[in-house]
Each structure stands twice: as structure tokens, then as C-alpha cells.
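In case you want the letters, here they are:
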Amino acid sequence: MNRAYIPIVVSALMLAGCVKNAPPVASAPDSPVTALKDLPEPEATDVVRSTRLAFIGPFTELRVEVFGVPDMQRDIMTDGKGNFAFPLVGSVAAAGKTPGDVSEEIRQKLAARYIRDPQVTVNFKSTLNPLSIQSMSVTVDGQVNKAGAYPVVGRVTLMRAVALAGGTNEFAKLQDVVVFRDVGNQKYVGIYNLEGIRRGNYPDPEIFPNDVVIVGDSPARRRFKDILAVVPAFLSPIILLAREF
């Protein structure tokens, strides 16, 4: 007796209210998008504008130098509150300030009592110290290829943060990407659609140190893979109907 073919019909039903696929660029009415043949090359001002000021935080390594004064050329790490001590100046509250702000503060204190017209420079140091890296990093988790904490250097957007984590994996739900952020004493949660950003439907949001990015999971994609894993091999092709993954 010949083995009978067993028909298999699999339907992936979506829950009501699920977010639909993002529309193509400029498909929405009054979309502020103009079609161009090529992307224009960035100018010098664009490069400057694409970066943002880097602020000193806890466990930040700095190089502080007072020109012509060897004893005042030092490598310093801020403490857990972003403070450090410097000769003749005392305690310097550096947290939340730029290196330029701190150098001017030190200059004014030295000029007031000790050194005539001092030239002070403060710069970040390249470091592998885990405490320093953690204080200026973004955590990317969820359905990405390499979850972890990544340093925030210059201006980092959501798409770039996900790319640092190796991009999304096969189970990622691009319409469900969550960003957690603490501002002051408030906790904020932003929900973004990576597919919509990729299509240019809205801007790629900026990511800041201490943000946590979670790429959502698509249960439909997991069901699709599970079905392929448990269904035995037949002589005829297996046809799976799935409206959205």
C-alpha cells in the first residue's frame, strides 16, 4: 500500500491591533520627502553637527595638563560622583561638564592665586577600564546577534546602537524596539519601529549613555521555525501560510 500524502495547512493568525508593516517612503499624505537621484555628500559643517558634546561622568579617565608646570601634568580618574582632586585647586566637580568647562574652571582657580595666565588643557583618555566604559555605554539586549554594553562615542542613533550589537536576528520584531531612559528622577520608555526608520518614515532617534535598548521578539517567527523543526520530511513540498512574521 502506497503511503498517502498528508496535506498540511498552517496559518499564522495575527492578534487584533498589531502594528502593520510600515508604508513605503512618502506614501503618507503630505510626507516631507523629496525624491533625489543621489545622496548629497556631507560638508564640513555636517560632520561637526553630527557629533555632540561628550560629558564627564563617574569613573572617567582624564589627562589634565598645565603648560610649563610638570607637576601639574597628570592622568586622573573621577570618582563615583564624577569628582577629582587637583594640586592647588582642590576638589573639582566634573560630572556633567565638558573637558573645556573643567579646564576653564581649573584655569580660573590657578590664575586667581597661584599662576599668571595659566594654560590648562583637559582631554579624555582612551581606556579599557570597565568602570569607565560602563559609565558611558548603552546596553543593547533582546533579539540582536551580540547583546551587551557598547561605548557611546560621539553621536549614536538607535540604528547605530543596534548595528553595534551585530544587528537584529531572525526572531526580531522590528516594530517593537523599546528604549529605556532615566532623566532626572523620571523613567521614560520609548517604543520605536526600526522598519519605519529604515524606510525614512521618521528620524532615527539619538541614543545616550546609560540607555537600555531592547529589540522585541516575534512569536510568529518562532512558531514558523518550530513548525519546520517538528514536521517530518515528506515527498511533496510543505506549504506554510504566514501573513506576517
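Residues numbered from 1 in each chain as written. Predicted model: local features only at pLDDT ≥ 70, side-chain atom pairs only at ≥ 80, totals over all residues. Heavy atoms only, no water.

Undergrad: Which residues make up the overall build of the protein chain, and what are the values?
TA: For the protein chain, the helix and strand inventory stands at six helices and 14 strands. In the protein chain, buried positions account for 28% of the 245 residues. Accessible surface for the protein chain amounts to roughly 16400 Å². Of this, 57% is attributable to carbon and sulfur atoms. (Helix = DSSP H or I, 4+ residues; strand = E, 2+ residues; numbered from the N terminus. Buried < 20%, exposed > 50% of the residue type's maximum accessible area, 1.4 Å probe, protein only. Areas by Shrake-Rupley, 256 points an atom, 1.4 Å probe, with all protein chains shown as cover.)

Undergrad: Tell me what's going on with the nonpolar core, and back it up with residues and numbers.
TA: V138, V140, L158, L194, I207 and V213 are the most contacted members of the largest nonpolar core, which has 19 residues in total. Of all the elements in the fold, those that place two or more residues in this core are β7 (137-142), α4 (158-164), β10 (172-183), α5 (194-198) and β13 (212-217). Considering each element in turn, this core owes the most residues, four residues, to β10. Residues F84, V102, I106 and L110 belong to the second largest nonpolar core, which totals 16 residues. (Core = buried A, V, L, I, M, F, W, Y, C linked by side-chain atoms within 4.5 Å.)

Undergrad: So what about a nonpolar patch on the surface? Which residues, and what values?
TA: Together, F180, V189 and I191 make up a nonpolar patch on the protein surface, roughly 300 Å² of accessible area in all. For F180, the location among the structural elements is in strand β10. (Patch = residues over 30% accessible without salt bridge, like charges linked within 9 Å, V, L, I, M, F, W, Y side chains within 5 Å. Salt bridge = Lys/Arg side-chain N within 4 Å of Asp/Glu carboxyl O.)

Undergrad: Describe the pairing of β10, and please don't skip the residues or the numbers.
TA: Here β10 runs beside β13; their pairing, made up of five bridges, is antiparallel. Bridge pairing in β13 links F180 to V212. In the sheet, β10 pairs with strand β11 (residues 186-192) via seven bridges, with the strands oriented antiparallel. Each bridged residue has a counterpart across the sheet, and for V179 the counterpart in β11 is G190. What sits between the antiparallel neighbours β10 and β11 is a turn of two residues, in which G184 has the positive phi angle 65 degrees. (Pairing = 2+ DSSP bridges.)

Undergrad: Tell me about the environment of I115, and please be specific about residues and values.
TA: Along the polypeptide, I115 turns up in the loop between α2 (99-113) and β6 (120-124). Setting aside residues up to four positions removed in sequence, I115 forms contacts with V66, V69, M72 and L110. (Contact = heavy atoms within 4.5 Å.)

Undergrad: Can you explain the sheet that holds strand β3 (residues 73-77)? Please cite residues and give values.
TA: A sheet is described by the order of its strands in space; here three strands give the open sequence β3-β2-β6, paired in antiparallel fashion. Edge positions in the sheet fall to β3 and β6, since each of these pairs with one other strand and no more. Adjacent strand axes in the sheet meet at a mean angle of 20 degrees when their direction is disregarded. In this structure, strand β2 (residues 61-66) lies alongside β3, joined through five bridges in antiparallel fashion. Bridge pairing links L62 to I76 in β3. Set on the sheet, α2 makes contact with β2 and β6; between it and β6 the angle comes to about 150 degrees. (Axes fitted to C-alpha atoms, helices over the stretch in contact; angles between N-to-C directions.)

Undergrad: With reference to specific residues and values, describe the environment of F67.
TA: Inspection of the secondary structure puts F67 in the loop between β2 and β3. The class of F67 is exposed, set by a relative accessible area of 65%. For F67 and Q119, which are 52 residues apart along the polypeptide, the C-alpha to C-alpha distance reads 5.5 Å.

Undergrad: Which residues make up the pattern of salt bridges, and what values go with them?
TA: With the rule as written, the count across this model stands at 10 salt bridges. A salt bridge links D75 to R63; the shortest N-O distance between them is 3.0 Å. In this pair, D75 sits in strand β3 while R63 sits in strand β2, placing the two residues 12 residues apart along the sequence. D75 sits in the partly exposed class, given a relative accessible area of 47%. Owing to a relative accessible area of 25%, R63 belongs among the partly exposed residues under this scheme. One connected set of salt bridges, linked through shared partners, spans R63, E65, D75 and K125.

Undergrad: Account for the sheet that holds β7, naming residues and giving values.
TA: The five strands are arranged β8-β7-β13-β10-β11 in an open sheet whose pairing can be described as mixed. Each edge of the sheet is formed by a strand with only one pairing partner; in this case those strands are β8 (148-151) and β11. Within the sheet, the average angular offset between the axes of one strand and its neighbour, ignoring direction, is 20 degrees.

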